[in-house]
Amino acid sequence: MLEKIPERNLNQHVEELCSLFQEGQIERVLLEVESLLGEFSKSIALYNIKGISCAHLKRFDEAIKSYKKAAQIDPENPITYFNLGVALQDSGQSAEALHQYKIALSKNPKYLDAILNIGTIFQEKGSFPDAISYFKKALQIDPEHPIAYFKLALTLQSIGRLNQALQNYKIAFSKNPECFETLFNIGFIYQEKGLYASAINSFKKTLVLNPNHAPTYINLGMSQNKMGKITAAEDTFRKAISLDFAKSPAKANLGYLLCDQGHFDEGINEIQTAVALDKDYLKIHDNFLFCLNYSPDLSAEEIYAYYKNFDNLYSKNTTPKWLGVQTSKKKRKLKIGYVSGELSRTSVSRFIEPIFINHDQKQFEIYAFAKVPNHDYITSSIKSHCDGWVNIDEMSPKDLASKIRDLGIDILVDLAGHVQGNKLGVFRYKPAPVSLSWWVGFGYTTGLSAIDYFLADKTLVPKGSEHLFAEKVWKLDHPCSTVFRPDPNTGPVNALPALTNGFITFGTLTRSIRLNDRVIKTWANILKKVPNSRLIVNSINFRYDEMKEIFIEKFKKAGISRDRLDIGYESPPWNILRKIDIGLDCFPHNSGTTLVEHLYMGNPYITLADRPSVGRIGSHYLNAIGHGEWIAHSEEEYVEKACDLSENLENLSNIRQQLRPEMNASPLCQEKEFVKHLEQTYQQMWNCFLARKS
């Protein structure tokens, strides 16, 4: 027991306790405080020291009791209410913490730390306007406070006001140039804005301040990849992997990079390891399932096994959110909800916009649940044809599921699959009585048995392959299961280039991940068999020289010299398409929108019917316009068909002039007819649900 200390020496003893606390002797501090409180039971300083010590040991209940005792002794001391707020906030009681901070603020209206903590709570709750208001209030009190600028910038960044966020991060960094988190966030915003050179510069400066910050290495690698610095990006990702923290996202990004170069075995292995390291990181699992479809070696059954595993992890034991909603059999308007992050001018929008435009709004109510980073004229067009539009950018899957239920959506349609920005998580809650995934957004099963149907046709999902889908396959009784609206800027079809060139030009507009060794070998065989022929490869992946050289070397190993290749990037691609005589589709994962654009510009293409859905996209379009003769069923037949098509220039020229009229007259471009058929399908699905329910 300590000797009795005269009251006049209490302050000195408090200083000694603070020193012990700084030395980490927390348990000793608590023992001595308890001893002193027997004599000095009215000392708010001792109760605050006890509270701080208990909170440091995460004994929050004791800390809260101690602070409340201090507040009873001196109800006007703002520090006690602030400390109480911190303990409550750290223990997860943010609402009560907010109340205590406001009491502290009422005692001292310029209590800067209380203002900042209030703003932080609002920020964490998603009450961004309130958070911004408090951070600005903090800056009125102290215009030099770097943390206030940082927190304000973080909030602005959360709501997409990137330019204002960047400005405030820069001010924060000028006030505290040792804060690597500020530099990191500056780099992150540059990356989000597509200013990759500036992002790289910021990330490199961040690593000077913190050489072992794995997230900086990961984002540096991502920006290097976007700049076409493939080797540097790979080295950066491997450096991130060597650090203990954030190994999962580092391995995932390395895997994506390797797959883009055609190194599927190693790439998929890296992503699979990343998934195993962090099973709760849904974004990595999404990308893993996305990349699997491009593997030239895995069988359809092997790929589907991974999707089943995904279902077992994330889709089982979900309680439908729509239970309890009245579903009368009385004839009424059906409410159709579309969930997508692609409701703007993207390659997929040419298939989606016609659906919204042609829906019969006398018979259906149409809702869009959209994550749209770039609002443009396509967004405006789609929005104008909706009865309801919900911005889902900041909504959690659970909150979105509740919103869908509250709106009484009858049929919920996924338009994204596992592509970036998807909201598949919401479907696990079964927020609507009927749900389906339409192949046009992703091309294959979502893997979620919580979704009722996969909407396709008999070409995409041949008889006998239905077991490779988690959903029940619903095949439209229609020549195709989508409709296409050509871009109005494509311009006219030109004359066959070979007539003036004197040689055949083959071409593809596809991402590098589709150009596996099987594809390159097949295309090389075509070029060898067709004298003087050339090959155009156009994709954003080939915007920079390093990736070009990687694939030029691959063709060189297959016996094709550099002078027969034109690899690069041009967008929009209409002038590139005008240089091509015959299109070449990829496999086992076919191309998508670019195939229809080939046809619209008069270019026939050869496709290989491979795996269900993703390997039958090219066949789907050709069957829809009546040109199934360009579908091959083996790599040898693929080469033969390409060579045969190249032999008769007069015939090829006639095809070029006839393709656009044929396509316009085909079911692929009959918007009203297709949407009417789609609406009948929705009604049939609803009738099936009512029959099961009765």
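Scroll up for the structure.
The model shown is predicted, which means the values in this text are computed figures rather than measured ones. (Residues numbered from 1 in each chain as written. Predicted model: local features only at pLDDT ≥ 70, side-chain atom pairs only at ≥ 80, totals over all residues. Heavy atoms only, no water.)

Participant: Describe helix H8 (residues 128–141), with residues and values.
Facilitator: Between its terminal C-alpha atoms H8 stretches 20 Å, which fits the 20 Å expected from 14 residues at 1.5 Å a residue. Buried within H8 are the following residues: Phe128, Ala131, Ile132, Tyr134, Phe135, Ala138 and Leu139. The arc enclosing the buried residues of H8, seen along the axis, measures out at 165°, which places them on a common side. The exposed residues of H8 that point more than 90 degrees off its buried face are Pro129 and Gln140. At its buried positions, H8 is contacted by helix H6 (94–107), helix H7 (112–125) and helix H9 (146–158). (Helix = DSSP H or I, 4+ residues; strand = E, 2+ residues; numbered from the N terminus. Expected span 1.5 Å × (residues − 1). Buried < 20%, exposed > 50% of the residue type's maximum accessible area, 1.4 Å probe, protein only. Arc of directions from axis to C-beta. Contact = heavy atoms within 4.5 Å.)

Participant: For the packing of H8 against H9, give the residues involved together with the corresponding values.
Facilitator: Contact geometry of H8 with H9 gives a least axis separation of 9 Å together with a crossing angle of 160°. With respect to H9, the element H8 is oriented roughly antiparallel. At the point where H8 passes H9, the crossing takes the left-handed sense. Seen from H8, the contacting residues are Phe128, Ala131, Ile132, Phe135, Lys136, Ala138 and Leu139; seen from H9, they are Ala148, Tyr149, Lys151, Leu152, Thr155, Leu156 and Ser158. (Axes fitted to C-alpha atoms, helices over the stretch in contact; angles between N-to-C directions. Parallel < 35°, antiparallel > 145°, perpendicular 65-115°, else oblique. Left-handed = near helix turned anticlockwise from the far one by under 90°.)

Participant: Go over the packing of aromatic side chains with me, naming the residues and quoting the values.
Facilitator: Inspection of the entire model under this criterion finds 20 aromatic pairs. Between Phe82 and Tyr101, the ring centres sit 5.6 Å apart and the planes meet at 45°, which makes this aromatic pair tilted. Of this pair, Phe82 sits in helix H5 (residues 78–90) while Tyr101 is found in helix H6, placing the two residues 19 residues apart along the sequence. A relative accessible area of 12% places Phe82 in the buried class. (Phe/Tyr/Trp six-rings, centres within 6.5 Å; stacked < 30°, edge-to-face > 60°.)

Participant: With reference to specific residues and values, describe the nonpolar core.
Facilitator: As a rule of thumb, soluble globular proteins bury nonpolar side chains together. Within the largest apolar cluster, 207 residues are counted, with the highest numbers of intra-cluster contacts made by Tyr338, Phe369, Phe506, Trp523 and Tyr621. The element contributing the most residues to this core is helix H30 (residues 671–693), with eight residues. Excluding residues within four positions of it along the chain, Trp523 makes contact with Thr508, Leu515, Leu535, Phe555, Leu584, Asp585, Cys586 and Tyr638. Counting residues in hydrophobic clusters, the runner-up holds 13 residues, among them Leu17, Leu46, Tyr47 and Ile49. (Core = buried A, V, L, I, M, F, W, Y, C linked by side-chain atoms within 4.5 Å.)

Participant: With reference to specific residues and values, describe unusual backbone geometry.
Facilitator: Across the junction of Ser571 and Pro572, the peptide omega takes the value -5°, indicating a cis bond. Counting through the fold element by element, Pro572 comes out in the loop between strand E10 (565–568) and helix H25 (574–577). Even without glycine at this site, Lys58 takes up a positive phi of about 65°. Residue placement: Lys58 occurs in the loop between helix H3 (44–56) and helix H4 (60–73). Among the residues examined, Lys58 registers a relative accessible area of 63% and is labelled exposed. Backbone geometry places Lys430, a non-glycine residue, at a positive phi of 45°.

Participant: Which residues make up the packing of H9 against helix H10 (residues 162–175), and what values do they have?
Facilitator: Two numbers describe how H9 lies on H10: the axes approach to 8 Å, and their chain directions differ by 160°. It follows that H9 is roughly antiparallel to H10 by the angle criterion. Relative to H10, H9 is oriented so that their crossing is left-handed. For the pair H9 and H10, contact is made by Pro146, Tyr149, Phe150, Leu152, Ala153, Leu154, Leu156 and Gln157 and by Leu162, Gln164, Ala165, Asn168, Tyr169, Ile171, Ala172 and Lys175, respectively. Taken together, the residues of the contact of H9 with H10 sort by class into twelve nonpolar, three polar and one charged. (Nonpolar A, V, L, I, M, F, W, Y, C, P; charged D, E, K, R; others polar.)

Participant: Pulling in residues and values, what's your account of the pattern of salt bridges?
Facilitator: Tallying each qualifying case throughout the model produces 19 salt bridges. The partner of Arg59 in a salt bridge is Glu27, and the shortest N-O contact between them spans 3.6 Å. Here Arg59, found in the loop between H3 and H4, pairs with Glu27, found in helix H2 (residues 26–37); they are 32 residues apart in sequence, far enough to count as distant. The partner of Asp545 in a salt bridge is Lys548, and the shortest N-O contact between them spans 3.7 Å. With Asp545 and Lys548 both in helix H24 (residues 545–557) and three residues apart, this pair spans about one turn of that helix. By sharing partners, the salt bridges in this structure join Glu27, Arg59 and Glu62 into a single network. (Salt bridge = Lys/Arg side-chain N within 4 Å of Asp/Glu carboxyl O.)

Participant: Kindly report on the sheet that holds strand E6 (residues 453–456), identifying the contributing residues and their values.
Facilitator: With respect to topology, seven strands assemble into an open sheet ordered E3-E2-E1-E4-E5-E6-E7, the strand pairing being parallel. Looking along the sheet, the strands with just one partner apiece sit at the ends: strand E3 (388–391) and strand E7 (472–475). Each adjacent strand pair in this sheet contributes to an overall mean axis angle of 25°, direction not counted. The sheet contact formed by strand E4 (residues 411–414) and strand E5 (residues 434–438) spans four bridges and is parallel. Within E5, the position partnered with Asp414 by the bridge is Ser437. (Pairing = 2+ DSSP bridges.)

Participant: Quick rundown of the side chain of Asn538? Include the residues and the values.
Facilitator: Inspection of the secondary structure assignment puts Asn538 in strand E9 (residues 534–538). Accessibility expressed as a relative area gives 6% for Asn538, which makes it buried. Among the polar contacts made by the side chain of Asn538, one reaches the main-chain amide nitrogen of Glu570 at a distance of 2.8 Å. Residue contacts for Asn538: discarding those within four places in its chain leaves Thr508, Leu509, Thr510, Gly568, Tyr569, Glu570, Pro573 and Ile576. (Polar contact = N/O pair within 3.5 Å; in protein donor to acceptor, adjacent residues only side chain to side chain.)

Participant: Describe the sheet that holds strand E13 (residues 631–632), listing the residues and the values that go with them.
Facilitator: Sheet architecture is open: six strands sit in the order E10-E9-E8-E11-E12-E13, paired in parallel fashion. Across the chains shown, the open sheet's two edge strands, defined by having one partner strand only, are E10 and E13. One ladder, built from two bridges, connects strand E12 (residues 605–608) with E13; its direction is parallel. Following the sheet pairing, Leu608 is matched in E13 by Ala632.

Participant: I'd like a rundown of the environment of Lys335, residues and numbers included.
Facilitator: Following the sequence through the fold, Lys335 ends up in strand E1 (residues 334–340). Separated by 23 residues in sequence, Lys335 and Asn312 place their C-alpha atoms 30 Å apart. Lys335 has contacts with Glu365, Tyr367, Leu407, Gly408, Ile409, Asp410 and Ile411, leaving out every residue within four places of it along the chain. Looking at Lys335, its side chain comes within polar contact range of the main-chain oxygen of Leu407, at 2.9 Å.

Participant: I'd like a rundown of the side chain of Thr681, residues and numbers included.
Facilitator: Positionally, Thr681 belongs in helix H30. Residue Thr681 is classed as buried on the basis of its relative accessible area of 2%. Filtering out sequence-adjacent residues up to four positions away, Thr681 remains in contact with Leu455, Trp474 and Leu476.

Participant: Just give me the short version of the pairing of E5, but keep the residues and values in it.
Facilitator: Among the five residues in E5, five count as buried, and that is most of the element. Side chains Val434, Leu436 and Trp438 project from E5 onto one buried face, and the interleaved Ser435 and Ser437 project onto a second face that is buried too.

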